[in-house]
Structures are given as C-alpha cells and as structure tokens.
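Architecture and fold: a report
The primary structure of each chain is shown beneath.
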Amino acid sequence: MKLEENITLPVIAINNLSKSFGSNIVLKDFNLNLYKKQNLVVLGKSGSGKSVLIKCIIGLLKPDKGSIEVFDKNLPDLNDLELDKIRAKVGFLFQSNALYDSMTVRENLEFPLRRHWIKHNQGEVEQLVTEALNDVGLLHTIEMMPSELSGGMRKRIALARTLILKPDIILYDEPTTGLDPITGKEIIKLMIDIKKKYGTAALIISHDMNCVKMAADKIVILYEGKCYAEGTYNELTENNDPNVKQFFE
Amino acid sequence: MSQAILLKSFFEETGKTFRFILRFLLQWFKPRYEVAEFFRQCYVIGYKSLPLIGLTGFIMGLVLTMQLRPTMIEYGVESQIPIIVAISIVREIGPVITALIFAGKIGSSIGAELGSMKVTEQIDAMEVSGTNPFKYLVVSRVMATTLMLPILALLSDAISLYGAYLGVNIKGDTSFTLFWTQIFDSLSFNDVLPAFIKTYFFGFAVGIIGCYKGYNSNKGTEGVGKSANSAVVLSSILIFILDLLAVQITDLLGFN
Ligand SMILES: Nc1ncnc2c1ncn2[C@@H]1O[C@H](COP(=O)(O)OP(=O)(O)O)[C@@H](O)[C@H]1O
Ligand SMILES: [Mg+2]
C-alpha cells in the first residue's frame with residue numbers, strides 16, 4: 001500500500017480546504033489524498049462537517065479557500081461542462097439515498113444515463129440498468145417505486161444508480177447509517193465486492209466502526225475541521241489521544 | 001423589538017423571493033430547454049386541477065345567479081341577470097376564484113414536492129447527474145403554471161356561465177340561445193382581455209412561490225409541511241395584491 005501511494009498520483013487531492021457558513025467554521029485547512037483502488041474512511045462525529053466535505057468534492061458546495069483536485073482538475077475552476085465530465089466519473093451515494101420518489105427503479109437508474117453528457121442508445125441503457133441491478137441483486141424490483149422498497153433495498157438501488165456510469169471513484173455518505181446492523185454489513189460487503197469487481201477508489205464517510213473495520217484501507221479522523229489523525233485501523237487503535245480513542249472504544 | 005425582527009425578516013424574505021425570480025428569468029432563456037418535462041408538468045398541473053376548478057366554477061355561477069335574483073326582481077331588472085353575472089364572473093370572480101383554488105391545489109403540491117426533494121437530497125442528486133435542477137424542476141413548473149392557469153380560468157368562466165344559465169332557469173325561463181346571445185352582446189373586449197392577462201400573472205405567482213418555498217425548504221418533515229403551507233398562504237395573498245394592481249393598471253390604460 002505504502003509503496004503504491006508513493007508511485008501513483010492521487011485521484012483526489014485536497015489541500016487547505018476551508019468552508020464556513022456564516023460564523024460557523026466547518027472545515028479549516030483540511031488536507032486529504034485518495035489514491036487509486038483505495039478505500040479511505042473519513043471518521044467524524046455527527047455535525048463535524050463530513051457531508052460538507054464530500055459535497056465540496058462533488059462540487060455541490062463551493063469551498064471558501066483551498067484546492068480540490070479530482071483527476072488533476074481543480075474543481076472550483078471548472079465550467080459546467082467540465083464539471084459534468086468529472087461528475088460522470090465520480091459516483092455519489094447520498095446519506096438519504098436521494099431516490100426520485102416519482103420515478104420507478106428503472107427510471108431512477110436511467111436518469112443519470114440520459115442526462116449526462118455522454119449519450120447512450122436504448123440498447124446500452126437497457127444493458128447497463130440490468131447489469132447495475134444485478135450487481136446489487138435486485139433485478140426483480142425494476143418496475144417498482146422506491147416507496148415500495150425496504151430501507152436496505154433503497155440503499156442498494158441508490159448504490160446501483162451510483163454504479164451505473166461505471167465511476168472511477170465512489171463517495172459514500174454514511175452508507176450504513178439508519179440501517180440495522182445486519183443490513184449494514186450486507187451493504188459494506190457489497191461495497192467491498194464492487195471495489196474488487198471494478199477497481200474503484202472509495203471515500204467513505206462513516207462513524208460506524210463495523211464499516212470502518214471491514215472496509216478501510218486507511219482512516220482519516222476529521223475533528224474541528226481538520227485532518228486530526230490518519231492511519232490504518234490497527235495503527236489508530238493504538239493511538240492514545242482521547243479524541244482518537246473515543247471512536248475505537 | 002420583536003416587531004423590528006419581524007419587519008427585518010419580512011424584507012429579507014422579500015429580497016430572497018425577488019432574487020429567486022431573477023434567477024428564474026436568467027435561467028429561463030438559456031439552454032438547455034427541458035421541453036419534455038415542461039409538457040409533462042403542463043399535463044399534470046392542468047389535468048389535476050381540472051375537476052376541482054370545474055366544480056367550483058359551476059357552483060359559483062349557479063349560486064351567484066340565485067343570490068342576485070331577488071334583488072334584481074325588486075329593481076325590476078330580472079332580464080339583466082345574465083349580463084350582471086357574466087360581467088362579474090368574467091372580470092373578477094372567475095380569474096380570482098380559479099387562481100385561489102389553483103394556489104391551494106397546485107401551489108401546495110409544488111411546495112411539498114420540491115420540499116421533500118430538497119430534504120431527501122434528490123435535488124443534489126439531480127445536480128450531480130448532469131442536470132440543472134433549477135431548470136428541470138423550477139423553470140418547467142413555473143412555465144407550466146403560468147400557461148395553464150389562463151386556460152383553466154377560461155374553462156372555469158365557461159362552466160360558471162353554464163351554471164348561471166341553469167340558475168336562471170330554476171325559477172325563470174330563458175332559452176339557451178337567448179342567454180348566450182345576451183352575454184356575448186354585453187361582454188366587450190375590455191371585459192375579457194385584462195381579466196385574461198392577469199391570470200398569467202396569477203399563474204406565475206402560484207408557480208414561483210410554490211417553487212421558492214419548496215426549493216428553500218428546511219430539513220425535516222416539518223419543514224416540508226411548512227413549505228407547502230406557506231406556499232398557499234403567500235401565493236393567495238399575492239393573487240389579491242396582483243388583482244389590485246391589475247385593476248389600477250387597466251384603469252390607467254383606460255380599459256373600462
Ligand atoms: N447548506 C448549509 N448551510 C448552512 N450550514 C450548513 C449547511 N450544510 C451544513 N451546514 C452546517 O455544517 C455543519 C456540518 O454539517 P454536516 O457536514 O452535515 O455534518 P455531518 O458530519 O454530520 O455530515 C453543521 O453545523 C451544519 O449545520
Ligand atoms: Mg452527514
């Protein structure tokens with residue numbers, strides 16, 4: 001791992017990122033690198049700015065300061081089309097799934113295919129939808145509405161929609177929060193399988209230690225807007241700093 | 001003190017609403033145009049409110065006629081009932097009642113729909129899927145409400161007048177042709193056109209306020225309910241204010 005990090009360039013490189021809302025300073029000089037095929041977990045308490053961080057990476061929020069380089073392009077400098085091209089390569093799994101209520105599962109999955117700048121013909125669309133649903137084991141729900149699905153199934157469908165463009169990076173915003181432990185584990189396994197199958201890099205935001213233990217190649221602790229500590233799971237369990245320790249108890 | 005805060009938040013809110021309208025105008029003529037979504041919204045918005053607007057229009061026409069009747073008989077102008085009814089419906093009651101019903105039905109549903117899309121991150125999801133959510137959701141809806149309300153108001157006028165025809169015939173006796181000839185002879189361009197034009201503004205108000213409230217909804221299910229509710233209240237008030245402005249403007253332009 002270490003060696004690989006040294007010889008390849010990061011796919012996401014964040015330098016001195018700062019973001020505040022009014023007087024509420026959320027991120028302050030935050031730094032992070034994500035490498036190819038790496039599962040990086042960002043650990044932080046609720047309200048510590050994890051979602052803000054991940055939304056800056058996909059360009060949903062504009063940083064006040066600092067650079068966010070995704071595939072060597074600095075996001076704040078991009079125009080709409082360039083941003084769209086980056087977004088097609090970066091999947092985002094939303095904390096609340098963000099499935100479109102008024103559309104069927106099929107239409108939900110087709111949406112990114114039909115809307116992004118790359119055009120697909122009908123046959124390709126069909127095939128990609130089927131493949132993505134097979135990856136999450138839910139092909140039989142294709143004509144259902146999101147409201148007819150259970151929480152775990154909705155998460156899987158959301159994941160299928162994220163996968164459909166074959167992204168090189170996937171950003172997971174608290175993928176197991178709100179799910180029971182067993183369903184949560186299934187989702188984590190699915191995330192690991194996806195990484196194996198497609199070789200994607202993943203930035204996972206979480207405070208679920210199960211998820212961290214199973215999925216993380218490396219962990220970054222976000223505390224007071226900064227990258228407070230980083231290391232592997234084993235390295236961090238041996239850290240005696242109380243702000244690190246609290247996560248591993 | 002609390003009044004000062006109230007006043008401040010009122011002006012802030014007004015400012016934000018105007019900025020939202022400005023954003024609409026800027027986005028409106030820039031490509032890409034969400035044509036399919038616009039037609040879908042026209043269908044949904046127009047079709048959904050048709051039965052309700054038809055029913056209320058019919059009752060308004062019928063009841064208005066029956067209520068006017070005793071007074072008209074007292075003054076000995078019973079034969080003028082169709083004209084009085086037609087003028088009040090076409091000029092004022094039709095457009096305003098239709099717009100209010102429309103605000104209750106469509107304004108609230110837009111507020112709730114966009115509000116829940118906002119809080120469940122569906123709007124963000126659209127944005128990362130190569131879609132400008134403002135165009136896709138807001139521009140298409142506002143254009144649909146703006147274009148559909150005038151059509152609905154015209155339909156409501158026609159159904160109201162039919163209700164009035166039945167109302168006239170409950171106690172009196174007028175032939176169908178006589179009734180309509182009387183109405184069309186008395187209605188002038190000045191009665192119809194300003195009333196028709198103002199419904200475009202009513203439709204715009206309902207759409208833009210519903211979208212504004214939904215798009216800026218607060219987190220949580222409570223926020224969604226609030227958006228829907230304040231969308232109806234605000235757009236209803238706005239309809240009356242626009243109505244007031246419309247009568248002044250037509251007056252100034254000499255359309256009476
Ligand atoms: N759009 C926004 N406007 C204002 N404040 C925000 C916004 N998004 C997040 N915040 C604030 O930023 C802080 C971090 O939020 P968030 O990133 O959602 O936390 P979490 O780590 O639980 O995901 C919170 O204090 C929140 O109130
Ligand atoms: Mg969050």
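How each quantity is defined
- Along each chain, residue indices are assigned from 1 in the same order as the chain's sequence is written.
- By the order in which they are written, chains take letters starting at A while ligands take numbers starting at 1.
- Restriction of local features to residues with pLDDT of at least 70 applies here, the model being predicted, together with a cutoff of 80 or more for giving and counting side-chain atom pairs; totals for whole chains, interfaces and linings are based on all residues.
- Think of the side-chain values as coming from all heavy atoms in the structure, minus any hydrogens and water.
- Each residue carries a pLDDT value, the predictor's own confidence for that position, ranging from 0 to 100.
- A 2.8 Å cut-off from the metal defines N, O and S donors, relaxed to 3.2 Å for Na, K and Ca; water is not in the atom list, so some sites may appear incomplete.
- The numbering of helices and of strands both runs from the N terminus, where a helix is a DSSP run of H or I of at least 4 residues and a strand a run of E of at least 2.
- Burial classes follow relative accessibility: with a 1.4 Å probe on protein chains only, a residue under 20% of its type's maximum area counts as buried, one over 50% as exposed, and anything between as partly exposed.
- A molecule or strand has a residue near it when one of that residue's heavy atoms lies within 4 Å.
- For every accessible area listed, the method is Shrake-Rupley and the probe measures 1.4 Å; residues are considered covered only by the protein chains on display.
- Note on residue classes: Ala, Val, Leu, Ile, Met, Phe, Trp, Tyr, Cys and Pro are nonpolar, Asp, Glu, Lys and Arg are charged, and everything else, Gly too, is polar.
- Two residues form a contact once any of their heavy atoms are found within 4.5 Å.
- Buried area: the accessible area, evaluated with a 1.4 Å probe, that two parts lose upon being put together, summed over both parts.
- For salt bridges, the criterion is a side-chain nitrogen of Lys or Arg within 4 Å of an Asp or Glu carboxyl oxygen.
- Throughout this description, a polar contact denotes any pair of N or O atoms lying within 3.5 Å of each other; where both atoms belong to protein, one of them has to be capable of donating a hydrogen while the other can accept it, and for residues adjacent in sequence the pair is counted only when both atoms sit in side chains.
- Following DSSP output, two strands are said to pair if at least two bridges run between them.
- Helix axes use the C-alpha atoms of the stretch in contact, all axes being lines fitted to C-alpha atoms, and the angles between their N-to-C directions lie in the range 0 to 180 degrees.

On to the confidence of the model for chain B. Summarising the model, chain B shows a mean pLDDT of 93, and 100% of its residues fall at 70 or more. Prediction confidence for the complex, expressed as pTM and ipTM, is 0.91 and 0.91 respectively.

Each pair of donors in an ideal octahedron of six around a metal sits at 90 or 180 degrees, and each pair in an ideal tetrahedron of four sits at 109.5 degrees. Residues and elements named next belong to chain A. Within the protein, Ser51 (OG) and Gln95 (OE1) serve as the donor atoms for the magnesium ion (ligand 2), at 2.0 to 2.8 Å. Here the residue Ser51 occupies a position in helix α2 (residues 50-57), and Gln95 occupies one in the loop between β6 (90-93) and α4 (105-115), the gap between them amounting to 44 residues. A residue is classified by how much of its surface remains accessible, and Ser51, at 22% relative accessible area, is partly exposed. Taking the relative accessible area as the measure of exposure, Gln95 reaches 30% and is therefore partly exposed.

Moving on to the site of ligand 1. All names here are of chain A. Close contacts around ligand 1 come from Phe21, Asn24, Val26, Lys45, Ser46, Gly47, Ser48, Gly49, Lys50, Ser51 and Val52, and that covers them all. Contact with the protein chains hides 58% of the accessible area of ligand 1, taken as 560 Å² for the molecule alone. Those elements that place two or more of their residues in the shell around ligand 1 are β2 (24-34) and α2. Ranked by residue count, the leading element in the shell around ligand 1 is α2, at three residues. Of the residues in the shell around ligand 1, the class split is three nonpolar, six polar and two charged.

For the rest of this paragraph, the subject is the interface of chain A and chain B. Of the residues lining the interface, 19 residues belong to chain A; the matching set on chain B comes to 17 residues. When chain A packs against chain B, close to 1600 Å² is buried across both sides, 48% of that on carbon and sulfur atoms. Of all residues in chain A, the largest losses of buried area upon contact with chain B belong to A:Leu60, A:Tyr100 and A:Arg115, amounting jointly to 35% of the total for that side. Connecting chain A to chain B are four salt bridges. A:Arg115 serves as the salt-bridge partner of B:Glu34, at 2.4 Å between the closest nitrogen and oxygen. Connecting chain A to chain B are 14 residue pairs in polar contact (both at pLDDT 80 or more).

Our focus in this paragraph is the sheet that holds strand β5 (residues 73-74) of chain A. Residues and elements named next belong to chain A. An order of β2-β1-β4-β5 is seen for the four strands of this open sheet, with the pairing classed as antiparallel. Two strands lie at the open edges of the sheet, namely β2 and β5, each paired on one side alone. Sitting on the sheet, α2 touches β1 (12-21), β2 and β4 (65-70), and the angle it makes with β1 is about 120 degrees.

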